[in-house]
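For reference, the chains in residue letters:
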Amino acid sequence: MNDQLIGISPTNDFAYKKIFGSQANELVLISLLNAILKLPSPITAVTIENPFNYQDFYEDKLSVLDIKAVDKAGAIYDIEMQLEAHLGLIQRVVFYGCELYSGQMKSGDDYSQLKPVFTICLLEGTLWQDSRRVHHAFRLIDQETNRVLKDTIEFHILEMGWYNLRESDLATASPLERWLYWLLHAHEYTEAELMRLFPESEFRQATRTLVAIKQITEDKQMYDATEKARRDRQWMINASRTEGEIKGMIEGKIEGMIEGMIEGEIKGKVELIRTLEGLLGRTPSDESQLKTQTLEELQRI
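Treat the numbers as computed from the prediction; the structure is a model and nothing was measured.

Caption draft 1: Spotlight on the nonpolar core. Counting 56 residues, the largest nonpolar core has Phe-20, Leu-29, Ile-36, Ile-79, Leu-122, Trp-179 and Trp-182 as its most contacted members. Here this core takes eight residues from helix H2 (residues 26-37), the largest share from any one element. With near-sequence residues (within four places) excluded, Ile-36 lies in contact with Ile-79, Ile-120, Leu-122, His-135, His-156, Leu-158 and Leu-176. One finds Leu-100, Val-117, Ile-153 and Ile-157 within the second-largest nonpolar core, a separate group that totals eleven residues.

What follows is the structure in structure tokens.
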């Protein structure tokens, strides 16, 4: 072990997929799933259906990064990493979860054979601003009796942007809190420091995989390429937002100027009409009533 900072973020697309999406790291994925789901019977084994593959990164197939796994009982798990909340994120999470559930059915199958589906979204940013809760678990539940439709479908969204655990709290933290800290801060430590803070076998295995990415030339190149792509996506999102804000400001100013000009013209017309009525010996029209009319209507008077 050396004393250099690892400098490789586990939330990077390439690193995340290699750490949690490799069948050799089954123990790592199982630990994270158990920490999130807290099922009555913990997961003991999974088969990753879309395992880490260098070719996927060569061909840029991972625009949406997810890991699909199935346990010994047939339950399906889909876990993905998202940089930030984008428009339609919730609808997409629900859509793909339902697609995984309904996709189990083949012609002639019995509905009772459907296995539960657990869809998990790890979000680096935040989604809801009215709460600082990190973990949101959504299940099919009756609003009056709280009866849950068990063994069907669940959606878990983790807003890691709200996570603020300190290193000094790790010793008493829950397994999920420890995993979130590792995901968000592993790159800030040396290998020896991480091994000391996270001595459990699953964390040690995840840390070794993270360190290996830095040491293997091909992996480091893949990591750097996906990190650049991430920065570029973020830049495009920020640029789009800024452009939209500027456009809105310009449109607002133009609209305000036009409204001001029209209002000025109407005021001038009203004053002219009332002046002419006075010169003709008529009782001037009510000013407030005249101002309710359009410029075209005033011109016809």
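Caption draft 2: How the structure looks around the packing of H2 against helix H7 (residues 201-215). In contact at an axis separation of 9 Å, H2 and H7 are set at 120° when each is read in the N-to-C sense. Taken as axis vectors, H2 and H7 run oblique relative to one another. Here H2 and H7 pass one another in a crossing that is left-handed. Taken together, the residues of H7 that come into contact with H2 (itself represented by Leu-27, Val-28 and Ser-31) are Ser-201, Glu-202, Gln-205 and Ala-206.

Caption draft 3: The sheet that holds strand E3 (residues 76-82), seen in detail. Reading across from one edge, E1-E2-E3-E4-E6-E5 is the order of the six strands in this open sheet, with mixed pairing throughout. In this open sheet, the two strands that pair with only one neighbour each are strand E1 (46-48) and strand E5 (135-139). Averaged over all neighbouring strand pairs, the angle between strand axes comes to 20°, with direction disregarded. Pairing analysis gives seven bridges linking E3 to strand E4 (residues 117-123), with the strands arranged parallel. Opposite Ile-79, over in E4, you have Ile-120 as the bridge partner. Packing against the sheet, helix H1 (residues 13-20) makes contact with E1, strand E2 (66-71), E3 and E4, and its axis sits at approximately 10° to E2.

Caption draft 4: Geometry of H2. The end-to-end C-alpha distance of H2 is 16 Å, a good match for the 16 Å that twelve residues give at a rise of 1.5 Å each. Of all the positions in H2, only Val-28, Leu-29, Ile-30, Ser-31, Leu-32, Leu-33, Ala-35, Ile-36 and Leu-37 are classed as buried. Note on H2: the residue one or two positions beyond its end, Lys-38, has a positive phi of about 50°.

Caption draft 5: Expanded view of the environment of Pro-175. Tracing the sequence through the fold places Pro-175 in helix H5 (residues 175-185). For the pair Pro-175 and Ile-36, spaced 139 residues apart in sequence, the C-alpha to C-alpha distance is 8.4 Å.

Caption draft 6: The packing of H5 against H7, seen in detail. Here H5 crosses H7 at 10°, and the two axes come no closer than 12 Å. One way to sum up the angle between H5 and H7 is to call them roughly parallel. Each of Arg-178, Trp-179 and Trp-182 in H5 lies in contact with H7, whose residues at this interface are Glu-202, Phe-203, Ala-206, Thr-207 and Leu-210. For the contact of H5 with H7, the per-class residue count stands at five nonpolar, one polar and two charged.

Caption draft 7: Geometry of H1. With eight of its eight residues buried, H1 lies for the most part within the structure. All of the buried residues in H1 are Asp-13, Phe-14, Ala-15, Tyr-16, Lys-17, Lys-18, Ile-19 and Phe-20. At the N-terminal end of H1, a side-chain oxygen is found 2.8 Å from the backbone nitrogen of Phe-14, two or three residues along, and the residue is Asn-12.

Caption draft 8: Region of interest: unusual backbone geometry. Backbone geometry places Lys-38, a non-glycine residue, at a positive phi of 50°. Considering the arrangement of structural elements, one finds Lys-38 in the loop between H2 and E1. The exposure class of Lys-38 is exposed, given its relative accessible area of 65%. For Asn-146, which is not a glycine, the phi torsion comes out positive at approximately 65°. Its place among the elements puts Asn-146 in the loop between E5 and strand E6 (153-159). Asn-146 gets classed as exposed once you look at its relative accessible area, which sits at 52%.

Criteria and cut-off values
- Residues numbered from 1 in each chain as written.
- Predicted model: local features only at pLDDT ≥ 70, side-chain atom pairs only at ≥ 80, totals over all residues.
- Heavy atoms only, no water.
- Core = buried A, V, L, I, M, F, W, Y, C linked by side-chain atoms within 4.5 Å.
- Buried < 20%, exposed > 50% of the residue type's maximum accessible area, 1.4 Å probe, protein only.
- Helix = DSSP H or I, 4+ residues; strand = E, 2+ residues; numbered from the N terminus.
- Contact = heavy atoms within 4.5 Å.
- Axes fitted to C-alpha atoms, helices over the stretch in contact; angles between N-to-C directions.
- Parallel < 35°, antiparallel > 145°, perpendicular 65-115°, else oblique.
- Left-handed = near helix turned anticlockwise from the far one by under 90°.
- Pairing = 2+ DSSP bridges.
- Expected span 1.5 Å × (residues − 1).
- Nonpolar A, V, L, I, M, F, W, Y, C, P; charged D, E, K, R; others polar.
- Polar contact = N/O pair within 3.5 Å; in protein donor to acceptor, adjacent residues only side chain to side chain.

The values are spatial; any link to function lies outside them.
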